Amino acid sequence: MSSTSAPGSALESPIAAGVGRAMAGSVRAPVVLFTATIFLNAFLLFLVQPLFSKQVLPLLGGTPAVWTTCLLFFQAMLLLGYLYAHLATRYVPARVQPATHVALLLASLLSLPIGLPADWTPPASSSPVVWLLHLLTVSLGLHFFVLSAGAPLLQRWFARTGHPRAHNPYFLYAASNLGSFVALLGYPFVVEPWLPLSAQTRNWSAGYVLLVVFVGACAALATRGWRAMAGMPTAAAEAALAAGEADDADEADDIDVAPVTWRRRARWILLALVPSSLLAGVTTYLTTDVAAIPLLWVVPLALYLLTFVLVFARRPPLPEWVLLRAQALLVVPLLLVMGAGRGAEPWTMAPLHLLAFFACAMVCHAELARTRPSVRHLTEFYLWIAVGGLLGSVVNVLVAPVLFSTVLEYPLMLVAACLLRPAGPVVRNDAAPILAADAAASAHRQRELDVVLPLVLFAALAILADVHPDAEPWRTIVKYGSMAIVALVVFSYRERRLRFGLAAAALVLAPMLGQTDETDLVYRARSFFGVYEVRRNGRYHTLTHGTTLHGGQSLNPVFRREPLTYYHRAGPLGQLFAHVGDTTTPRRVAVVGLGTGTAACYARPGDRWTFYEIDPLVARIARDSALFSYIADCAPDARVVLGDARRELAAEPDHAYDLIVLDAFSSDAIPVHLLTREALALYLRKLAPDGVVAVHISNRYLDLQPVLTELARDQHVAGAWGTDVHFTEKDRGQLRSRSYWVALAPRAPSLARLTREPGWTPLPPRAATALWTDDFSNVLQVFRWRR
């Protein structure tokens with residue numbers, strides 16, 4: 001028997017080896033072509049995200065929720081693209097796959113260039129989430145779907161080409177994420193500052209056509225590979241594939257070859273869900289108070305993608321123990337500060353938020369990379385990552401606004417990231433052998449302590465939340481000294497995953513239970529446009545959105561009609577109403593941005609007032625006399641128009657108003673589309689010949705006066721800017737706020753009396769900033785880098 005088997009063995013081995021050499025030689029796919037194609041595919045996929053989102057932004061008032069909703073759409077299309085790639089590689093014959101994908105790409109060329117369809121209007125009285133998702137699907141759906149499928153399909157094609165590196169194509173995943181990373185950082189720093197939106201769209205379309213050519217070349221190489229394999233004897237082809245899979249296990253020993261179970265799939269989903277939700281959370285945090293602009297969208301997203309690049313690299317640059325300790329070192333103080341409530345300004349805390357987000361994403365994605373399956377499950381692996389990414393966006397966009405009246409999902413996902421850390425200690429010390437019974441008892445005690453210790457910490461934090469620093473030094477020492485001790489205690493739990501995660505949860509939840517300052521909360525609600533709080537502040541009611549005060553009213557009936565905060569009578573707005581236009585005859589006034597309705601206090605008998613407000617929730621707050629009674633007391637006949645101000649103003653007759661007041665903010669962020677050449681031209685058309693446009697430009701982060709200066713120069717109108725020159729701490733104690741305003745008028749005499757008032761100065765002839773248009777704006781030029 002051995003004599004008969006020996007010849008067969010000697011014959012099969014050269015055949016299998018020869019087949020492998022033939023496949024590697026005749027069907028050798030150039031790594032450069034596949035890498036370049038995947039890079040370009042990812043580059044276009046992620047370049048179009050800020051590009052198209054910026055086009056959509058003006059339709060919905062510039063709110064940060066536009067970007068998080070766009071992220072939901074992008075994650076959904078990514079999932080569909082991965083699903084298509086997975087089903088195609090599993091059920092579509094190999095020789096048909098390339099032709100099918102190229103046909104889809106060619107079909108999508110018919111709908112270039114991308115752009116917004118005409119006459120699409122968001123709903124005025126309900127959440128625009130469904131409307132925005134529909135708009136994105138119609139305008140961008142096919143292109144984004146095809147691009148989303150590109151990376152897994154091309155990697156799978158490469159795996160079947162017979163190239164020497166085809167057994168482990170995961171290195172191409174790093175090229176995909178690198179292309180995404182370059183696109184995201186290139187957009188705010190290279191593309192947006194130099195190219196208008198129309199040019200961006202044209203160049204993106206040209207790149208898309210080039211991609212079709214590249215994919216066609218890759219498809220040709222993949223088809224040749226399958227044909228070569230199809231021409232081999234069946235036994236030889238199977239032997240070659242088996243050899244490749246063996247190489248996969250031998251050469252890529254960092255790949256987990258364990259069976260793909262549903263428990264494993266569920267962990268993949270969770271490991272992808274948490275960073276995706278954190279991405280939306282940290283982006284909302286940044287853009288709420290600065291500006292809803294691509295720069296602040298793409299920095300977190302670029303960090304998110306960079307984590308994939310790093311963890312899927314052939315040699316990840318950071319060991320596991322460094323990642324885990326960095327996560328604990330960053331998350332613990334962040335949760336302590338967030339649990340302590342308002343205090344530090346958002347922008348000063350931004351680095352800590354971004355670093356903690358990066359560390360959490362690195363830990364979760366490193367676990368994904370460590371547990372990734374063999375190449376036969378490649379497309380399925382990407383599919384489950386896409387499922388988790390989509391669910392993360394669903395949590396933030398659809399679920400959290402219904403469940404929470406605050407942005408609680410963000411700190412909760414930080415806690416979830418702590419609970420998803422690898423099990424067991426980071427560093428294991430070799431210990432002397434101990435009895436099995438003692439080991440079991442010790443493990444049981446540790447599991448009990450994993451629950452008991454966080455509960456004790458929760459009780460201590462709930463008590464600590466009641467201690468408020470004041471003029472007595474000992475209270476400050478107790479408060480912050482205790483917080484430092486708590487931080488050290490929680491950090492010491494980092495070796496025990498459950499204990500550390502539950503302690504992190506205590507940092508978030510205990511202050512919510514123990515804080516007594518919630519007793520001043522009168523009303524809190526959340527909408528698509530953000531979280532609003534009405535609080536009783538001594539003798540006043542105040543409205544905040546995000547971290548910014550948006551109005552207040554005295555609870556004393558004698559002073560209920562007195563305008564406060566930025567609108568007080570001694571400030572710039574009071575001077576505007578006192579010295580602009582005919583002060584004796586009825587006026588027609590338009591106010592963009594309702595807030596608490598404070599400006600209505602300047603209404604006189606016979607005036608016609610119209611407020612334009614994009615958020616129905618703000619309209620309900622302003623009209624609720626139990627919260628604020630400015631509208632009811634001062635202008636009960638005022639008209640409140642729901643919807644984006646530019647769109648609604650365009651429907652008004654020309655010369656309809658004597659005064660237009662622009663006071664639209666999302667927390668402290670100004671909607672950019674209200675400060676463009678086209679926007680000002682619209683305001684001037686709706687203004688009476690002797691009318692005035694007043695723009696509120698108070699902002700912690702952006703110097704908007706140069707923007708208005710350039711707009712005034714471009715439109716050849718007179719301009720002046722003013723502030724409170726006699727503002728004192730006494731004013732602050734009476735709920736007055738310093739504010740900055742710009743007044744623009746088609747005729748200079750309309751501003752003559754105003755510019756003689758203290759605090760008002762004519763605008764300079766020009767400013768060192770680019771003119772903002774609907775097609776171009778550059779927020780970086782007016783950012784306050786030093787405050």
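Residues numbered from 1 in each chain as written. Predicted model: local features only at pLDDT ≥ 70, side-chain atom pairs only at ≥ 80, totals over all residues. Heavy atoms only, no water.

### What about the overall build of the protein?
Now for step 1: Assigned secondary structure in the protein consists of 25 helices and twelve strands.
Now for step 2: Excluding contacts between residues fewer than 6 apart, the proportion of contacts in the protein whose partners are at least 24 apart in sequence is 79%.
Now for step 3: With the model as given, the accessible surface of the protein reaches about 32900 Å², and the carbon-plus-sulfur share is 63%. (Helix = DSSP H or I, 4+ residues; strand = E, 2+ residues; numbered from the N terminus. Contact = heavy atoms within 4.5 Å. Areas by Shrake-Rupley, 256 points an atom, 1.4 Å probe, with all protein chains shown as cover.)

### Some remarks on the sheet that holds strand 3 (residues 540-545)
Now for step 1: In space, the four strands of this open sheet follow the order 1-2-3-4, with antiparallel pairing throughout. What marks the edges here is a single partner per strand, and that holds for strand 1 (521-527) and strand 4 (548-554). Within the sheet, the average angular offset between the axes of one strand and its neighbour, ignoring direction, is 15°.
Now for step 2: Relative to strand 2 (residues 530-537), strand 1 runs antiparallel, the two being bridged by six bridges. Along strand 2, the bridge assignment pairs L521 with R535. (Pairing = 2+ DSSP bridges. Axes fitted to C-alpha atoms, helices over the stretch in contact; angles between N-to-C directions.)

### Examining the environment of V456
Now for step 1: Within the secondary structure layout, V456 lies in helix 15 (residues 436-464).
Now for step 2: The exposed category is assigned to V456, whose relative accessible area is 52%.
Now for step 3: In this structure the C-alpha to C-alpha distance between V456 and A503, which are 47 residues apart in sequence, comes to 9.4 Å. (Buried < 20%, exposed > 50% of the residue type's maximum accessible area, 1.4 Å probe, protein only.)

### Re the sheet that holds strand 7 (residues 639-642)
Now for step 1: The mixed open sheet is built from eight strands, whose spatial order is 7-6-5-8-9-11-10-12. Looking along the sheet, the strands with just one partner apiece sit at the ends: strand 7 and strand 12 (760-762). On average, each strand axis in the sheet is inclined to that of its neighbour by 20°, with strand direction left out of account.
Now for step 2: With six bridges connecting them, strand 10 (residues 718-723) and strand 11 (residues 740-745) associate as antiparallel partners. By the bridge assignment, A720 is partnered in strand 11 with A743.
Now for step 3: On top of the sheet, helix 18 (residues 572-579) reaches strand 5 (588-592), strand 6 (608-613), strand 8 (657-662), strand 9 (687-696), strand 10, strand 11 and strand 12; it is set at about 30° to strand 11, its chief contact.

### Description of the nonpolar core
Now for step 1: If you look at the biggest cluster of nonpolar residues, it comprises 190 residues, and the most contacted ones within it are W157, W204, L278, L576, W609 and F611.
Now for step 2: It is helix 5 (residues 129-159) that contributes the most residues to this core, 16 residues altogether.
Now for step 3: In this structure L278 touches F357, C360, Y410, M413, L414 and A417, once residues within four positions along its chain are discounted.
Now for step 4: V592, V641, L662 and L682 belong to the second-largest nonpolar core, a separate cluster that totals 39 residues. (Core = buried A, V, L, I, M, F, W, Y, C linked by side-chain atoms within 4.5 Å.)

### A word on the side chain of H673
Now for step 1: Within the secondary structure layout, H673 lies in the loop between strand 8 and helix 22 (677-685).
Now for step 2: On the basis of relative accessible area, H673 is assigned to the buried category, the value being 8%.
Now for step 3: A polar atom in the side chain of H673 sits 2.9 Å from the side chain of D644. (Polar contact = N/O pair within 3.5 Å; in protein donor to acceptor, adjacent residues only side chain to side chain.)

### With respect to the environment of A359
Now for step 1: Positionally, A359 belongs in helix 12 (residues 346-370).
Now for step 2: Leave out the neighbours within four places in its chain, and A359 touches A326, Q327 and L330.

### Examining the packing of helix 3 (residues 65-91) against helix 13 (residues 378-403)
Now for step 1: Two numbers describe how helix 3 lies on helix 13: the axes approach to 8 Å, and their chain directions differ by 160°. In terms of orientation, helix 3 and helix 13 fall into the roughly antiparallel class. As helix 3 packs across helix 13, the resulting crossing turns out to be left-handed.
Now for step 2: Looking at side-chain class alone, the contact of helix 3 with helix 13 contains 16 nonpolar, eight polar and two charged residues. (Parallel < 35°, antiparallel > 145°, perpendicular 65-115°, else oblique. Left-handed = near helix turned anticlockwise from the far one by under 90°. Nonpolar A, V, L, I, M, F, W, Y, C, P; charged D, E, K, R; others polar.)

### Concerning the pairing of strand 6
Now for step 1: For strand 6, a buried count of five out of six residues is recorded, marking the element as mostly surrounded by other parts of the structure.
Now for step 2: Sheet analysis places strand 5 next to strand 6, joined by five bridges and oriented parallel. For V589, the partnering residue across the bridge sits in strand 6 and is W609.
Now for step 3: Relative to strand 7, strand 6 runs parallel, the two being bridged by four bridges. The residue of strand 7 that forms the bridge with F611 is V640.

### A few points about unusual backbone geometry
Most peptide bonds are trans, and most residues other than glycine sit at a negative phi.
Now for step 1: In this structure, P113 follows L112 across a cis peptide bond, with omega equal to -5°.
Now for step 2: With respect to the secondary-structure elements, P113 resides in the loop between helix 4 (97-108) and helix 5.
Now for step 3: For H716, which is not glycine, the phi torsion reads 60° and is therefore positive.
Now for step 4: With a phi angle near 60°, L735 is a residue other than glycine that sits in the positive phi range.
Now for step 5: Take L735: it is sitting in the loop between helix 24 (729-733) and strand 11.

### What about helix 3?
Now for step 1: Look at helix 3: 39 Å from first C-alpha to last across 27 residues, which is about the 39 Å you get at 1.5 Å a residue.
Now for step 2: Here helix 3 lies mainly inside the structure; 21 of its 27 residues are buried. (Expected span 1.5 Å × (residues − 1).)

### Points about the packing of helix 3 against helix 4
For any two helices packed against each other, one specifies the crossing angle of their axes together with the interaxial distance.
Now for step 1: Following both chains from N to C, one finds helix 3 and helix 4 inclined at 150°, their axes separated by 10 Å at the closest point. It follows from the interaxial angle that helix 3 and helix 4 lie roughly antiparallel. The segment helix 3 lies against helix 4, with Y84, A88 and T89 engaging Q97, T100, H101 and L104.
Now for step 2: Residues belonging to the contact of helix 3 with helix 4 are distributed by class as follows: three nonpolar, four polar and no charged.

### Some details on the confidence of the model for the protein
Now for step 1: Within the protein, residue pLDDT values average 80, and 81% of them lie at 70 or more.
Now for step 2: Between residues 1-29, whose pLDDT stays under 50, and residues either more than four places distant or in other chains, the model counts 27 contacts.
Now for step 3: Under a pLDDT of 50 for its full length, residues 425-432 has, in the predicted model, eight contacts with residues more than four places off or in other chains. (pLDDT = per-residue confidence, 0-100.)

### Observations concerning the environment of A199
Now for step 1: Its place among the elements puts A199 in helix 7 (residues 197-230).
Now for step 2: For the pair A199 and D775, spaced 576 residues apart in sequence, the C-alpha separation works out to 9.1 Å.

### Overview of the side chain of H143
Now for step 1: Here H143 lies in helix 5.
Now for step 2: Contact partners of H143, with chain neighbours within four places excluded, come to S108, S111, L112, I114, W204 and Y208.

### Let's talk about the packing of aromatic side chains
Given two aromatic rings, one states the distance between the centres and the angle between the planes to describe the pair.
Now for step 1: Under the counting rule described, the total for this entry stands at 17 aromatic pairs.
Now for step 2: An angle of 15° between the planes, with centres 6.4 Å apart, marks the rings of F39 and F43 as stacked. Of this pair, F39 and F43 both sit in helix 2 (residues 31-56), four residues apart, which is roughly one turn of the helix.
Now for step 3: Overall, the relative accessible area of 29% leaves F39 in the partly exposed class.
Now for step 4: With a centroid separation of 6.2 Å and an interplanar angle of 50°, the aromatic rings of F73 and F144 are classed as tilted. Of this pair, F73 sits in helix 3 while F144 sits in helix 5, and the two are 71 residues apart along the sequence. Pair check on accessibility: F73 and F144 agree, each one buried.
Now for step 5: In this arrangement the basic side chain of R265 is found over the ring face of W262, its NZ or CZ atom lying 4.4 Å from the centre.
Now for step 6: Across the ring face of Y602, the terminal group of R569 is positioned such that the distance to the ring centre comes to 5.3 Å. (Phe/Tyr/Trp six-rings, centres within 6.5 Å; stacked < 30°, edge-to-face > 60°. Lys NZ or Arg CZ within 6 Å of the ring centre and 35° of its normal.)

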